[in-house]
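Each chain, letter by letter, is given below.
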Amino acid sequence: MAKTVYGNTRGIKKNDLALLQSIYSYTVDKNNIISMEIARLLAAISWDCQRELVVFVDRGGHVVSVGAGDFATAPLQARDRRRGEFRLSGLRCIHTHPSGSGALSPVDYAALLDMRLDLMVALGVRDGKIKEAYMACLDPQDGVLTRAFQTFGPMSEQEMSGFPILPLIQEIETGITPPSSIQTGEHRHAERAILVTIESNESLDELAQLADTAGALTVARVVQQRNRPDTTYFIGRGKVEELALLRQRLAADLVIFDDELTPTQARNLQNAIGCRVIDRTALILDIFAQRAQTKEGKLQVELAQLRYLLPRLTGLGVVLSRLGGGIGTRGPGETKLETDRRHIRRRIDDLTRALEQVRRHRRQHRQNRREAAIPVIALVGYTNAGKSTLLNALTGAGVLTANRLFATLDPTTRLLQLPDNREVLLTDTVGFIRKLPHHLVAAFRATLEEVTEADLLLHVVDADHDRLQEQIAAVNSVLKDLGAHDKKTILVFNKTDRPVDSVLLEEVEFSCPHRVVRVSARTGAGLEYLRKLIAEYTHQPRRILRGKLPYDRTDLVALLHREGAVYQEHYTEDGIWVEAAVDESLRTAIAPFIKPH
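To start, this report covers the structure provided alongside it.

Scoring rules and cut-offs
Residues numbered from 1 in each chain as written. Predicted model: local features only at pLDDT ≥ 70, side-chain atom pairs only at ≥ 80, totals over all residues. Heavy atoms only, no water. Helix = DSSP H or I, 4+ residues; strand = E, 2+ residues; numbered from the N terminus. Buried < 20%, exposed > 50% of the residue type's maximum accessible area, 1.4 Å probe, protein only. Contact = heavy atoms within 4.5 Å. Axes fitted to C-alpha atoms, helices over the stretch in contact; angles between N-to-C directions. Parallel < 35°, antiparallel > 145°, perpendicular 65-115°, else oblique. Left-handed = near helix turned anticlockwise from the far one by under 90°. Nonpolar A, V, L, I, M, F, W, Y, C, P; charged D, E, K, R; others polar. Pairing = 2+ DSSP bridges. Phe/Tyr/Trp six-rings, centres within 6.5 Å; stacked < 30°, edge-to-face > 60°.

Within the fold, histidine 459 resides in strand 15 (residues 456-462). Of the residues examined, histidine 459 reaches a relative accessible area of 3% and is grouped as buried. Dropping the residues within four chain positions of it, histidine 459 is found in contact with Val380, Gly381, Ile472, Val475, Asn476, Thr489, Ile490, Leu491 and Val492.

The following block contains the structure:
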């Protein structure tokens, strides 16, 4: 099968294309940069078509690829030929600059590092001839490949043809010291990420926070406003080409899209851009994988990841052991996954059964709480709204709080004493977010049932956030999906100790169908009023309950004293006679065990 010239070959003469294709038959001296015959041929054709041309040569002197770009760029891509983690790729890149200058560009240096090339060479072309040449190579610092380079030039044709490269390449590889040269696992450097959206730059603010939470360093933002995504690339083809060049110039490790990509879009983008491409869903799943601490949490994250991954396996040719190799690929399943789709489906079935046991266990806990007649209040809200801080302020729980997204993943429940001396259970739940992945909602069904089964919701809102209305809408949307949108709710404006937009808060309060309270979990302001509201919402009218309880259920007598008002209590031969005022939930819990008079 004949090798072809890749890239943008439109407009290049047939004869010139044939000459470029013939370069594959040439052999280059192993110790030379390039044969002068190939270099002069590239210069002549490059000047004639005003395109950058590129050739990759391996250490055996074989030409492995030939490509064409436009006036300013050539597609610097070649098959990955790295022969070891701590060695160079074994490829050198020689390309033309028809502008006349042989000076290497930022894109050239970025590609040199990104592809771990042996050499990057640029030929400045003028009037069909080589005007000058520049060459660069990596320069290890303390045994590590960094953005340090050695640059040689300008060189004449004669100087370039006589430059011995094998000693230079050997010196570079000798200077790379395993294992510090490749930073992986705990020692991996922050991954450099480019963020992409088809909405607005403001929509990338939250994506940047998510990227930072996952451990990435945002190096650029790309916005292309479109009415609907492109079916092939999500963004336009021209923007993809710009993105590929930007990625090379900034030496970015990954590109993150602010919407969920189809498997085809992700595959096309990764091939076109030349680096890992993930979407918002994969990013959030990655954060959850880092945050999961309990067995239940890890099971739920793994299930969500596998359901997300399964339709993306076809045609990828991906070795699944790559999981754990960066943002969007982490997770508890990294040692369990196998390439066979049937094995993944089997694992999904196993996880589903395991989580069904968790659901049954939680249902039993909820049943026990109902029998104890203790109302349950769930804290819900946008991530980083201060739910955990509020839980600590109300109950002294001492759970982890942090100014970061998804600091809380596993639910925490604590007793809260109300002003009327009744006790309720307050549960902190995972935060919601805009475009919350449906895989995650489905996988975290066992945890989110704490919300659907609660007697009262405290919808916590970050009062000083400039997009709080969008956040409220996002939370309400998730609650509707869960079937919990019609529950009794108190809207809690938190963080009011900070500067807030009072007009905006008043607008929200006016339009909100629920009671609203302003608090500061940090300073304690408004918390006493919130406790009174909770007591009001969980208070039920009392009725008189009379009858005998068995002697082996003195715990129910204690429950009556704690949650009701006991008027009479005396001991008879066949039980404990009680007369008490109880609310409906307490009556429901006691009634099955009481014998009427």
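As a further point, take the packing of helix 9 (residues 280-291) against helix 10 (residues 295-309). Packing of helix 9 against helix 10 brings their axes to within 10 Å, and their N-to-C directions diverge by 155°. What the angle tells us is that helix 9 and helix 10 run roughly antiparallel. The two elements helix 9 and helix 10 meet at a crossing, and its hand is left-handed. Along its contact with helix 9, which presents Thr281, Ala282, Leu285, Phe288 and Ala289, the element helix 10 presents Val301, Ala304, Gln305 and Tyr308. When the residues that make up the contact of helix 9 with helix 10 are grouped by side-chain class, the tally is seven nonpolar, two polar and no charged.

Taken in spatial order, the six strands of this open sheet run 13-14-12-15-16-17, and their pairing is mixed. Strands with a single pairing partner mark the edges of an open sheet, and in this sheet they are strand 13 (412-417) and strand 17 (515-518). Averaged over all pairs of adjacent strands, the angle between their axes in this sheet comes to 25°, without regard to strand direction. As defined by bridge partners, strand 15 adjoins strand 16 (residues 489-494) across six bridges and the pair is classed as parallel. Opposite valine 460, over in strand 16, you have valine 492 as the bridge partner.

It is worth spelling out the packing of aromatic side chains at this point. On inspection of all chains with the given rule, the structure shows four aromatic pairs. Ring centres of phenylalanine 234 and phenylalanine 257 lie 5.7 Å apart, and the angle between their planes is 90°; on these two criteria the pair is classed as edge-to-face. Of the two residues, phenylalanine 234 is situated in the loop between strand 9 (216-223) and helix 7 (237-250) and phenylalanine 257 in strand 10 (residues 254-257); the sequence distance between them amounts to 23 residues. The residues phenylalanine 234 and phenylalanine 257 share a single accessibility class, namely buried.

A word on the environment of leucine 217. Of note, leucine 217 is situated in strand 9. Through-space distance from the C-alpha of leucine 217 to that of glutamate 191 is 5.9 Å; in sequence the pair is 26 residues apart. Not counting the four nearest positions on each side in its chain, leucine 217 is found in contact with Ala190, Glu191, Arg192 and Ala193.

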